Amino acid sequence: MKILLFLITAAQLVLANQIDWNGGYRFEYLSIDRPSLATPYQRKEYGMHFLYLSPRLIVSDGIQVVTRFDVMGDGGSSYNSYLGTVWGQGNTDAARPSSKSNTMGRNSTSSMIRASQMYFNLSQENASLIVGRAPFDFGIGMSYSVGNGLFDHWNSNRDQVSYKMLVDNMVLMPFISRHYDDGYAQGSLVQDEGFLVLYDNKQTGNQIGVMLERRKASLASNDIPVGNTTTNPSAIGDAVQGDMSVQKTNFILGKDWDSFSFRLEAGFNSGDLGIVKNGQNVKSTGYGIASEWNFKNASSWNYTIKTGVASGDNPDTTDYEGFQFDRNYDVAFMMFNHRLGTYDVLRSAVIRDTVNLNVGNSPDDEAISNAFYFAPVVKYRWNDKLDLNQTFAWAQLMVSPFAGGKGSKELGFEYDIELNYKIREKVMWSNQLGFLFPGAAFKSETVPGSENNFTFGFATKIGLQF
Ligand SMILES: [Ca+2]
Ligand SMILES: [Ca+2]
Ligand SMILES: [Ca+2]
């Protein structure tokens, strides 16, 4: 009897705990004819699929443990992203037995499930505490983007302790994030300490805020890419020599009217990178500004202008002036989204895998960097299910990627058409066609074979979230 009672109580306890699931699935196919803009074309063509499942374990009132499992994630790349697995991944083991031969075999490879988030969330009436590996967000996603968009490939998950306090429309949040710890000993860290103050009135759409964040790394954990730029294009200095300490300051400003709204985010870096170049200390001095201007009306036609700037590293100076947007922040289908050309025009190699991936075999791992861009979007709402968006993106370089300031700054322009079809509630089929007319910045006498020829690209993708 006692055992039975115990069993019943245990069953009730299990029932008292709840698990809420959400997640998403997508399949994408993409092709870009001539990403090199030169000869050879280095044509891209791939499919990619991805599923994520996020169980939220509700332990008791206001206490949750959240995890996220990525099924068929980017197992082969070095990015820890939400890219997904290439469709047709195959077996890659060089010493594989013949039973694993892709040409002779009959079964496909299998993939690991990865956990990209795991955190504890305590919600109180006017505050919430987050401890663990959790998404981190700010503003319109210029610097940090959680990657909740249907086709977002990137995330800014980080190991953090953050405490968010809500007072009316004010948000106050101190936080600490640890990006690296060498283990049980004390000492070697890469850590952020920061504070967010935000006024966010959901009724009026008025938003103003600032986030201050200092990222520090000790000498032993300072892994800023350094070395010979010919063998390692990501390198931004000659050698690591000390601690890194960089202050990042991001502002957000927004306002909504009946027929118009805007959002503006700006970010500034300042501090010491702890590396040397030509015997001198390298300081980080980059900045970025992103703005979105939305013109709304009752008709089927709506307009948005996306315009902004990201500083670029000047090769003639010791300091590092480069600034890269988050890679989820896109203004065009190809430009600033996929690598283009035969050399690093945008000076963004520091955030990319330049060892295994090149212009012809990389995913959409490019970022807005070293450029001023102006991208009006014309949106036409056909009916409840069908949207047609046209983007005309024009851009110009901030600094020449070559010493001595040689070369043109014209990045050219891109015209994109996007047709979105909402098949069912929560299920979207999106088709993109892009035409890129690259500017003379992609062609240089310094780099033999570089050209700025026309290219086009196509993507069709289906995505759902639940
Ligand atoms: Ca430690
Ligand atoms: Ca520089
Ligand atoms: Ca992107």
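Before any of the text, the structure's been laid out above.
So, here's what we can say about the structure. Sequence positions are assigned chain by chain, starting from 1 and proceeding in written order. Whichever chain is written first becomes A and whichever ligand is written first becomes 1, with later ones labelled in order. Confidence filtering applies because this is a predicted model: local features only for residues at pLDDT of at least 70, side-chain atom pairs given and counted only at 80 or more, and all residues used for totals across whole chains, interfaces and linings.

This part is about the overall build of the protein. Strands are runs of DSSP state E lasting at least two residues, helices are runs of H or I lasting at least four, and both sets are numbered from the N terminus onward. The helix and strand inventory of the protein stands at 1 helix and 21 strands. Here the globule rule is a power law, 2.2 Å times the number of residues to the power 0.38, and the radius of gyration is based on C-alpha atoms. Taken over C-alpha atoms, the radius of gyration comes to 24 Å for the protein, in line with the 23 Å a tight globule of 466 residues would show. Based on the C-alpha atoms only, the size of the protein along its principal axes is roughly 90 × 65 × 50 Å. Three exposure classes are used, based on other C-beta atoms lying within 10 Å of a residue's own C-beta, which is placed from the backbone: buried for 20 or more, exposed for 12 or fewer, and partly exposed in between. For the protein, buried positions account for 33% of its 466 residues. Throughout, a residue-residue contact means that the two C-beta atoms, derived from backbone geometry, are no farther apart than 7 Å. If you take every contact in the protein between residues at least 6 apart in sequence, the share linking residues at least 24 apart comes to 60%.

Relative to the helices and strands, Glu-213 resides in strand β10 (residues 207-217). A count of 21 C-beta atoms within 10 Å places Glu-213 in the buried class. A C-alpha to C-alpha distance of 9.7 Å links Glu-213 and Pro-174, two positions 39 residues apart in sequence. Discounting chain neighbours no more than four positions away, the residues touching Glu-213 are Asp-192, Gly-194 and Lys-248.

The next thing to look at is the pairing of strand β13 (residues 260-277). By the bridge criterion, 2 bridges tie strand β11 (residues 239-240) to β13 in an arrangement that is antiparallel. Note that in β13 the partner of Ala-239 across the bridge is Val-276. Pairing of strand β12 (residues 244-256) with β13, which is carried by 12 bridges, proceeds in the antiparallel orientation. Bridge assignment links Lys-248 to a residue of β13, and that residue is Asn-269. Criterion used throughout: strands pair if DSSP finds at least two bridges between them.

Bringing the pairing of strand β6 (residues 127-135) into the picture now. Judged from the 6 bridges that link them, strand β5 (residues 113-123) and β6 form a sheet pairing that is antiparallel. Counted as the bridge partner of Phe-120 is Val-131 from β6. Counting the residues that bridge the hairpin from β5 to β6 gives 3 residues. Pairing of β6 with strand β7 (residues 157-167), which is carried by 9 bridges, proceeds in the antiparallel orientation. Paired with Ala-127 across the bridge in β7 is Met-165.

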